[in-house]
Each structure stands twice: as structure tokens, then as C-alpha cells.
Amino acid sequence: MTPKHRPLAPDDAGHRSVRGRSSRSNETGRFEPYHRESVDDGLTGADDDETERVDTTLTAEKAKSIISRNESPDIGFDRSVNPYRGCEHGCIYCFARPSHAYLGLSPGLDFETKLFFKPQATTLLRNELSKAGYVPDRIQLGANTDCYQPVEKRLRITRGVIEVLADFQHPLGITTKNHLVTRDIDLLAPMAERDLSVVVISITTLDRQLARAMEPRASTPSRRLDAIRALSNAGIPVIVSVAPIIPGLTDHEIEAILEASANAGARYAHYSMLRLPHELKELFKEWLVAERPERAERVMSLVRQIRGGKENDARFGHRIAGEGPVAQILVDRFRLARRRFGLDRKIGPLRTDLFKVPPKPGDQLTLI
């Protein structure tokens, strides 16, 4: 049977390195009828540069709707807006990677380099919020792929979405690991004054070298702390997300991340354990063997210990926190540190009573 993986040319660990990317292969998506395999033709010389460069491509997506709904009991919102598919940040642990398979693309290198954007996002959002009977509740940006990934600096779709939500006085949550979120403080701060906005900054590690290998095009850990500080100083409530906790690789940093985040002004903290759905299992293991070979077996052993002997557990109520003694120790450490650094003060729910459909250009104003 043809192997599912089509690995790139090997480095010393048996995988090919791509400049500025974390994926070590471009695995065929699980829905494809054929799987591709690369073959060494013997023509590559020992002196050839094996570090490749793969450029990012952008494709406009003609979406019919922009608000996605979910019924997950594991998260605190039921709707989200995702301006982009795929993510150039390239975080090797990203649980959203397998979603690229629905597009007939690889959750590996394709996820980091073949991006899709929704140019009609603001128009679609205005239309959906203006529908009769719409009931407002918190909309989350960045719930799947990061809404502030590098292309946002140029395309500004996320900013346009925030502008619409501000016009409607609609509650908004943002999850990101990019300092670029501070660009939109001018929109987010007035919303925060009315209890309409909250920002979640994700920090996985404070080790800049590990972060560069694991999440190569995201803001550095220090820049994310700077973002927490800037947002907090502007009066915008900030939650730090220690996510994912990778046992045997980043779990020793739980206390340090929480302390640094508290010092930067974060108000609350939450966490999630490493999840490895579908193709992500092999992608993560390839990366682990290439980047941290001395820890690979230990890390995966601990992953199985928090997942009931498996490498992933998709059950609601288990996928965030895991289970078993190892998971319990990590959760207890997190909660103790959260309390010690004053990050256990929950932020109240965002307001929905201010929601109002703004008048359209040309509408006749109501006479008073």
C-alpha cells in the first residue's frame, strides 16, 4: 500500500527542513483517494543545500456566510468568525491543521503556505447581524486559525470585522499569538469601556529558540508579553492562555509563563493540553524527532498517559484537560500558580444589551 506520508528530503533526523516552516512533511489529506510518496532519485549531491524555501500563496474564498456556530461544551462561546483558512504562523501543534484536508490539501506544509482569505467578510457580517431575529452573543475571532497572522497586516480583514462589530455594539473575543493585535487598540479600547471586548493571548513557551522551531512565524514570546502590557494599559481585559501544555517539553514553564503574564497585566489565565487529532499526530511526531530527538519518546509516553493510553482523545470534557495522574498534577500546578499570581479573577460576561443595528446609508432617521 502506498504510504500516506510524502516526506521532504531528509536532514540528519530523516526529515527535510523548510526555511521558516515547522512541518517536516506534506501529508496527503485523509479524504484524498490517492497518497503521494517522494522517492530519492540519487541526483541530490552531498553538498547541495537541503533547506528549501516554500513561498506563501493567497487565494480569495467566496464564502456564503461568515459566522460559524458550534455546540461544544468545552468552550465559552457558540459562534466565531474566521477570516482566514490555513495559518502562516505554522504552529506544529495546531489542532486546526486537519481542517485543511477538507480543501483537498495537506495539514502539513500546505496548511502553512496555501492560505485562503474571505474578502467579503465585512459585508457578510453586516448582513448576518442585520437579520431580523438575530440574538447577539459573544463572537470569537481566532478560534480556529489566527486572525492576526502575518497576511492580516496587509489585508486588514480582521480590522474590518472589528469595525463592523463596533458599529453594532456587539460583544467580541479575540484569540491570538501575534503582537499585531495592538494595532487595533483604537477600536478595542472603546469597546472594552462598554464591556464589549476581551483579548486572549496564547503563550506556549518563553524559550525563544523553542518557539522559533515550534511556532516559527508567530510573534516571539517577549512580543506577546508586550502585547499583554499594551492592551492592559489601554484598559482592555486580557486573558493568557497557556496552550497547549506539552508534557515533557513545555510543562516545566507553567509557573514562569503565568508569572510573566501577571506582571504584564493579564487578568485571568486558562490552559489546554496538547491535542493530536487526525493527521496532526504524525506531523507532530515528525517535528519532535527532528527538533528534540532526545525527548521524543518521553514526550509521547506522557501524551499517552494523559490521553488514556492513546495519542488523542476527542471526547468532550476530556480533550482540554486530559485525564489520569500526570494530567491531574499539571492541572493542580496550573491552578496553584494561577491563584498565586492573581490570575484567578474571572472576567465577567460581555454585554449583549447594547446591541443595535446601525442605520444604513440613506435610511430616514426616526423623528423625535
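Coordinates for the structure precede this section.
Read on for a plain summary of the structure. Everything numeric here is computed off the predicted structure, so don't read it as measured data. (Residues numbered from 1 in each chain as written. Predicted model: local features only at pLDDT ≥ 70, side-chain atom pairs only at ≥ 80, totals over all residues. Heavy atoms only, no water.)

This part is about the overall build of the chain. When you go through the chain residue by residue, the secondary structure sums to 11 helices and 10 strands. Residue burial in the chain is summarised as follows: out of 368 residues, 52% are buried. A sequence separation of at least 24 residues applies to 79% of the contacts in the chain between residues at least 6 apart. Surface summary for the chain: the accessible area is close to 17,600 Å², and the carbon and sulfur share equals 49%. (Helix = DSSP H or I, 4+ residues; strand = E, 2+ residues; numbered from the N terminus. Buried < 20%, exposed > 50% of the residue type's maximum accessible area, 1.4 Å probe, protein only. Contact = heavy atoms within 4.5 Å. Areas by Shrake-Rupley, 256 points an atom, 1.4 Å probe, with all protein chains shown as cover.)

This paragraph deals with the sheet that holds strand β5 (residues 114–117). A sheet is described by the order of its strands in space; here 3 strands give the open sequence β1-β5-β4, paired in mixed fashion. Among the strands making up the open sheet, the edge pair consists of β1 (57–60) and β4 (84–85). Note that β1 and β5 share 4 bridges and pair parallel. The residue bridging T59 from the neighbouring strand is F116, located in β5. (Pairing = 2+ DSSP bridges.)

Here we come to the state of the cysteines. What the rule picks out here adds up to 0 disulfides. With no disulfide of its own, C91 lies 6.2 Å from the sulfur of C87, the closest cysteine sulfur. (Disulfide = S-S within 2.5 Å.)

This brings us to the sheet that holds strand β8 (residues 197–202). Strand pairing in a sheet is mediated by backbone hydrogen bonds. Such pairs are either parallel or antiparallel. In spatial order, the strands read β2-β3-β6-β7-β8-β9-β10; together these 7 strands make up an open sheet with mixed pairing. Pairing within the sheet leaves two strands with one partner each, and these edge strands are β2 (67–69) and β10 (268–273). Averaged over all adjacent pairs, the angle separating strand axes in this sheet is 25°, with direction ignored. Summarising the sheet, β8 and strand β9 (residues 238–245) pair through 4 bridges and their orientation is parallel. Considered in β9, the bridge of I201 is made with V240. (Axes fitted to C-alpha atoms, helices over the stretch in contact; angles between N-to-C directions.)

This paragraph deals with the pattern of salt bridges. Counted according to the given criterion, the structure contains 24 salt bridges. With a shortest N-O distance of 2.9 Å, D55 and R53 are connected by a salt bridge. The pair D55 / R53 is uniform in exposure class, with both members exposed. The shortest N-O distance in the salt bridge between R85 and E61 comes to 2.8 Å. Separated by 24 residues along the polypeptide, R85 in strand β4 and E61 in the loop between β1 and β2 bring together distant segments of the chain. Of the residues examined, R85 reaches a relative accessible area of 32% and is grouped as partly exposed. Three or more residues are tied together by salt bridges with common partners; here these are E152, R159, E163, R183, D184 and D186. (Salt bridge = Lys/Arg side-chain N within 4 Å of Asp/Glu carboxyl O.)

This next bit is on the nonpolar core. In summary, soluble globular proteins display a tendency toward joint burial of nonpolar side chains. L125, L129, I162, I174, V181, I201 and L258 are the most contacted members of the largest nonpolar core, which has 66 residues in total. With residues near it in sequence (within four places) discarded, I201 still touches T176, V181, R224, A227, I228, L231, V238, I239, V240 and S241. (Core = buried A, V, L, I, M, F, W, Y, C linked by side-chain atoms within 4.5 Å.)

Turning our attention to the pairing of β5. Sheet analysis places β4 next to β5, joined by 2 bridges and oriented antiparallel. Following the sheet pairing, Y84 is matched in β5 by F117.

For the rest of this paragraph, the subject is the pairing of strand β7 (residues 172–176). For β7, the tally of buried residues reaches 4 of 5 residues, placing the bulk of the element in the interior. Across 3 bridges, the pairing between strand β6 (residues 139–141) and β7 is parallel. Of the residues in β7, the one forming a bridge with L141 is I174. Of the strand pairs in this sheet, β7 and β8 are connected by 5 bridges, and their pairing is parallel. The residue bridging T175 from the neighbouring strand is V200, located in β8. With helix α5 (residues 185–193) bridging β7 and the parallel β8, this β-α-β connection has right-handed handedness. (Right-handed = clockwise from strand over helix to strand, strands pointing away.)

The next thing to look at is the packing of helix α4 (residues 157–167) against α5. Contact pair α4 / α5: the axes reach a minimum separation of 10 Å and the direction vectors enclose 30°. What the angle tells us is that α4 and α5 run roughly parallel. Seen along the crossing, α4 lies across α5 with a hand that is left-handed. Listed contacts from α5 to R159, I162, E163, L165 and A166 of α4 are D186, L187, L188 and M191. Among the residues making up the contact of α4 with α5, the classes are represented as 6 nonpolar, no polar and 3 charged. (Parallel < 35°, antiparallel > 145°, perpendicular 65-115°, else oblique. Left-handed = near helix turned anticlockwise from the far one by under 90°. Nonpolar A, V, L, I, M, F, W, Y, C, P; charged D, E, K, R; others polar.)

Moving on to helix α2 (residues 121–129). When α2 is considered as a whole, its buried residues turn out to be A121, L124, L125, E128 and L129. One face of α2 carries all of its buried residues, which in axial projection span an arc of 125°. Packed against the buried residues of α2 are β2, β3 (79–81), β6 and α4. (Arc of directions from axis to C-beta.)

When glycine is set aside, most residues are seen to have a negative phi, and most peptide bonds are trans. Cis rather than trans, the peptide bond between A243 and P244 has omega equal to -15°. Here P244 lies in strand β9. Positive phi, close to 60°, is recorded for R156, a residue that is not glycine. As for its placement among the helices and strands, R156 is situated in the loop between α3 (152–155) and α4. You can call R156 partly exposed: its relative accessible area is 42%. Here D195, not a glycine, exhibits a phi torsion of approximately 60°, which is positive. Inspection of the secondary structure puts D195 in the loop between α5 and β8. What makes D195 partly exposed here is its relative accessible area of 43%.

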